[in-house]
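Coordinate inspection notes
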Amino acid sequence: MKKVALLTGITGQDGSYLSEYLLGKGYIVHGIKRKSSQFNTQLIDNIYQDPTIPNRNLILHYGDMTDSLSMTKIIKKIRPNEIYNLAAQSHVGVSFENPEYISNVNSLGTLRILESIRLLNLQKKCKFYQASTSEMFGDLVKKNLNEKSNFLPKSPYGVSKLYAYWITKVYRDSYNIFACNGILFNHESERRGETFVTRKITKGLAEIKVGKRKCLYVGNLNSKRDWGYAADYVKMQWKMLQKKKADDYVIATGKQISVREFINKSCNYLGIKIGWKEKGLKEFAIVKSIIDKNSNIKKGDIIIRVSKRYFRPNDVDNLLGDPSKAIKELNWKPLVSIDAIIKKMIDNDLKLL
Ligand code: NAP
Ligand code: G4F
């Protein structure tokens, strides 16, 4: 019998990679998508329309994390073996603008699924994966963060995800549900949403290179992140649910760079040498030289500026993970370096242009 998986957030970065991965493993994949005024299935259209994948293997349902009835109805109909809860309002900066909605989706949305598993008596049949996040840690601890580190979230997003993390543990311990938290550090890809800083930089610089844009405005350049590759990380989501015992795991590379270094590396890859001038909100990056003489950029052009608009009321400046437990128990090894991620993202953004 084929295994049946249900993915919330199937239209997002991780949802698209995980559904490809599970279909490749012979699963029947059900996904929940929101009703939107524009198409929101771009990232899964390739698999949805793939003639080699039978229609019945990838099935989409309309639903919403804020709507218990729709969620319970879908779970009752499908009776999945595995649920991957990837759906979230996932932008930390935006969470300061709509904290109530983000809590409804990220916190109560998770509770709604766990309650459905319990009320439908699926405890023995259905395993549950929760997309937890390094943003729950905050940045008060300056060492590598692991499963035993304290949580001190600094944003409504971080707090909403901490509720989801704990309720997942509570349902595991109270009702014997096989429920795991994957505490994933930042992971990026060609499919990363365009408002997250890495994609904003690779897309923005690609546009500057081809003359579609003059300058890119960013926020906190000093923030450091432990950036990995999304297609690599989703495999660990699946692996967690294949263990004998449910547990929580940090998935990270154990290396970090700053936003400024990410820009430097991206410019290097595009053959643009830049220098940084001034400090704080006045800081900017100026072109010192360019390898590609046909480029639209000239020496002396200012291509990056800082704007107050992209600062958060409170930011996590420093995130670095310690994936030792996953390395040992899940046979985890980060496979794609930050330079390789940047190359993949820029090549894709140039191709799209
Ligand atoms: P993403 O690209 O932003 O995708 C989020 C998904 O959630 C989208 O499919 C979105 O649907 C869906 N969604 C949002 N609100 C919803 C609602 N009310 N009802 C139903 N679906 C809703 O995020 P991602 O990067 O793939 O991340 C996947 C999960 O991992 C998220 O829970 C995120 O918080 C968590 N996480 C991500 C990272 C990372 O670095 N990427 C790190 C740690 C944890 P639409 O397409 O309709 O918007
Ligand atoms: O790319 P970001 O928006 O990602 P952030 O805040 O780390 O959140 C992402 O990773 C979390 C895991 O730790 C996920 F849970 C979450 O769902 C999301 O996927 O920002 C990264 C850093 C921040 O410090 C931000 O202040 O970059 C800084 N930054 C500087 N300029 C900017 C910008 N961030 C954005 N989005 N846009 C800017 O212009």
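Structural data are supplied above this passage.
For the structure given in this document, a descriptive report is provided here. Since we're looking at a predicted model, the values are computed, not measured. (Residues numbered from 1 in each chain as written. Chains lettered and ligands numbered in written order. Predicted model: local features only at pLDDT ≥ 70, side-chain atom pairs only at ≥ 80, totals over all residues. Heavy atoms only, no water.)

**Quick word on the sheet that holds strand 6 (residues 179-184)**
Read across the open sheet, the seven strands follow the order 3-2-1-4-5-6-11; overall the sheet is parallel. Lying at the two open borders of the sheet, with one neighbouring strand each, are strand 3 (58-62) and strand 11 (249-251). Averaged over all neighbouring strand pairs, the angle between strand axes comes to 20°, with direction disregarded. As paired elements, strand 2 (residues 28-33) and strand 3 share five bridges and run parallel to each other. Paired with His-30 across the bridge in strand 3 is Ile-59. Here helix 1 (residues 13-24) sits on the sheet in contact with strand 1 (4-8), strand 2, strand 3 and strand 4 (82-85), set at roughly 175° to strand 1. Lying over the sheet, helix 3 (residues 68-78) contacts strand 1, strand 2, strand 3 and strand 4, oriented at roughly 165° with respect to strand 1. (Pairing = 2+ DSSP bridges. Helix = DSSP H or I, 4+ residues; strand = E, 2+ residues; numbered from the N terminus. Axes fitted to C-alpha atoms, helices over the stretch in contact; angles between N-to-C directions. Contact = heavy atoms within 4.5 Å.)

**Regarding the site of ligand 1**
Taken together, 26 residues surround ligand 1, and among them Thr-11, Arg-34, Ser-90, Tyr-157 and Lys-161 come closest. Contact distances for ligand 1 include 2.6 Å between an oxygen atom and a side-chain N or O atom of Thr-11. Within the backbone of Gln-13, an N or O atom sits 3.1 Å from an oxygen atom of ligand 1. Counting only elements with at least two residues in the shell around ligand 1, the list comes to helix 1, helix 5 (99-119), strand 5 (127-133) and helix 6 (156-175). (Near = heavy atom within 4 Å. Polar contact = N/O pair within 3.5 Å; in protein donor to acceptor, adjacent residues only side chain to side chain.)

**Quick notes on helix 5**
Along its 21 residues, helix 5 runs 28 Å from first to last C-alpha, staying within 8% of the 30 Å computed at 1.5 Å per residue. At Leu-108, helix 5 shows its largest kink, close to 35°. Of the residues making up helix 5, those classed as buried are Ile-102, Val-105, Asn-106, Ser-107, Gly-109, Thr-110, Arg-112, Ile-113, Leu-114, Glu-115, Ser-116 and Ile-117. Taken together, the buried residues of helix 5 touch strand 1, helix 3, strand 4, helix 4 (92-95), strand 5 and helix 6. The first or second residue beyond helix 5 is Asn-121, which carries a positive phi of 60°. (Expected span 1.5 Å × (residues − 1). Bend = angle between axes of the 7 residues up to and from the residue. Buried < 20%, exposed > 50% of the residue type's maximum accessible area, 1.4 Å probe, protein only.)

**Topic: the site of ligand 2**
By nearness alone, 24 residues border ligand 2, and Thr-133, Ser-134, Tyr-157, Ser-223 and Asp-315 come closest of all. At 2.7 Å from an oxygen atom of ligand 2 is found a side-chain nitrogen or oxygen belonging to Lys-200. Asp-315 places a side-chain nitrogen or oxygen 2.6 Å from an oxygen atom of ligand 2. About the coverage of ligand 2: the protein hides 96% of its 710 Å² of free accessible area. Here the shell around ligand 2 is composed, by residue class, of nine nonpolar, nine polar and six charged. (Areas by Shrake-Rupley, 256 points an atom, 1.4 Å probe, with all protein chains shown as cover. Nonpolar A, V, L, I, M, F, W, Y, C, P; charged D, E, K, R; others polar.)

**Examining helix 1**
For helix 1, spanning twelve residues, the distance from its first C-alpha to its last is 17 Å, which sits close to the expected 16 Å at 1.5 Å a residue. Within helix 1, nine of the twelve residues are buried, which leaves it mostly tucked inside the rest of the structure. When we look at burial in helix 1, the residues that qualify are Gln-13, Asp-14, Gly-15, Ser-16, Tyr-17, Leu-18, Ser-19, Leu-22 and Leu-23. Positive backbone phi, approximately 90°, marks Gly-26, located one or two places after helix 1.

**Considering unusual backbone geometry**
Of note, the phi angle at Asn-121 is positive, near 60°, even though the residue is not glycine. Turning to its location among the elements, Asn-121 is positioned in the loop between helix 5 and strand 5. In this model, Asn-176 sits at a positive phi of 60°, which is unusual for a non-glycine residue. With respect to the element layout, Asn-176 can be found in the loop between helix 6 and strand 6.

**A short note on the pattern of salt bridges**
This model, assessed by the stated rule, comprises 18 salt bridges. Among the charged side chains, a network of salt bridges with common partners joins Glu-194, Lys-203, Glu-207 and Arg-213. (Salt bridge = Lys/Arg side-chain N within 4 Å of Asp/Glu carboxyl O.)

**Brief notes about the packing of aromatic side chains**
What the rule picks out here adds up to ten aromatic pairs. Ring geometry for Tyr-165 and Trp-166: centres 5.3 Å apart, planes at 80°, overall edge-to-face. Residue Tyr-165 is classed as buried on the basis of its relative accessible area of 3%. For Trp-166, a relative accessible area of 44% translates into the label partly exposed. Seen from their ring centres, Trp-227 and Phe-262 are 5.2 Å apart, and the 55° between their planes marks the pair as tilted. (Phe/Tyr/Trp six-rings, centres within 6.5 Å; stacked < 30°, edge-to-face > 60°.)

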